Amino acid sequence: MKALIIAQNAQRIWCLLESTYTITANRMKRTLGLDDIAFFAAIGWLAREKKIYCNEDNGVLYISNKRPLEFFSFG
């Protein structure tokens, strides 16, 4: 996968996160039409830039670009 595609998907994820407080990984993938590889490559891009926060609850991964209580960053 090319870096440009990963960056574009990361931008799409960021725009979606700007319009919501928190969202599940599965819902985000469905909304943006991303497969696992494209999704996690873009999440990795954002994580490397320390721009996202995650939380796992009962096997469900939640993602936010704000820092809700109980969420962790990758930095």
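Quick note: structure is the one above.
Residues numbered from 1 in each chain as written. Predicted model: local features only at pLDDT ≥ 70, side-chain atom pairs only at ≥ 80, totals over all residues. Heavy atoms only, no water.

**Observations regarding the pairing of strand 2 (residues 53-57)**
Next up, step 1: The pairing of strand 2 with strand 3 (residues 60-64) spans 5 bridges and is antiparallel. Note on strand 3: the bridge partner recorded for Asp57 is Val60.
Next up, step 2: Hairpin connection between strand 2 and strand 3: a loop of 2 residues separates the two successive antiparallel strands, and Asn58 in this loop has a positive phi of roughly 55°. (Pairing = 2+ DSSP bridges. Helix = DSSP H or I, 4+ residues; strand = E, 2+ residues; numbered from the N terminus.)

**Section: the state of the cysteines**
Next up, step 1: Taken as a whole and judged by the stated rule, the model has 0 disulfides.
Next up, step 2: Cys15 carries a free sulfur, and the closest cysteine sulfur to it, the one in Cys54, is 18 Å from it.
Next up, step 3: By relative accessible area, which is 44% here, Cys15 ends up partly exposed.
Next up, step 4: Given the relative accessible area of 2%, Cys54 is considered buried. (Disulfide = S-S within 2.5 Å. Buried < 20%, exposed > 50% of the residue type's maximum accessible area, 1.4 Å probe, protein only.)

**Quick notes on the pairing of strand 3**
Next up, step 1: Here strand 1 (residues 23-24) pairs with strand 3 via 2 bridges, running antiparallel. Looking at the pairing, Ile23 lines up with Ile63 of strand 3.

**Overview of helix 1 (residues 3-18)**
Next up, step 1: In this model helix 1 runs 22 Å from its N-terminal to its C-terminal C-alpha over 16 residues, within 8% of the 22 Å that 1.5 Å per residue would give.
Next up, step 2: Elements in contact with the buried residues of helix 1: strand 1, helix 2 (25-32), helix 3 (36-48) and strand 3. (Expected span 1.5 Å × (residues − 1). Contact = heavy atoms within 4.5 Å.)

**What to know about a nonpolar patch on the surface**
Next up, step 1: A grouping of Met1, Ile5 and Ile37 is seen on the molecular surface, where their side chains present a nonpolar patch of about 320 Å² in accessible area.
Next up, step 2: Relative to the elements of secondary structure, Met1 occurs in the segment before helix 1.
Next up, step 3: Taking relative accessible area as the criterion, Met1 reaches 57% and is therefore assigned exposed. (Patch = residues over 30% accessible without salt bridge, like charges linked within 9 Å, V, L, I, M, F, W, Y side chains within 5 Å. Areas by Shrake-Rupley, 256 points an atom, 1.4 Å probe, with all protein chains shown as cover. Salt bridge = Lys/Arg side-chain N within 4 Å of Asp/Glu carboxyl O.)

**What about the packing of aromatic side chains?**
Each aromatic ring pair is summarised here by two numbers: the centre-to-centre distance and the angle between the ring planes.
Next up, step 1: Counted according to the given criterion, the structure contains 1 aromatic pair.
Next up, step 2: Here the aromatic rings of Phe39 and Phe40 are separated by 4.9 Å at their centres, their planes lie at 80°, and the arrangement is edge-to-face.
Next up, step 3: The buried category is assigned to Phe39, whose relative accessible area is 0%.
Next up, step 4: Over the aromatic face of Trp14 sits the side chain of Lys51, whose NZ or CZ is 5.9 Å from the ring centroid. (Phe/Tyr/Trp six-rings, centres within 6.5 Å; stacked < 30°, edge-to-face > 60°. Lys NZ or Arg CZ within 6 Å of the ring centre and 35° of its normal.)

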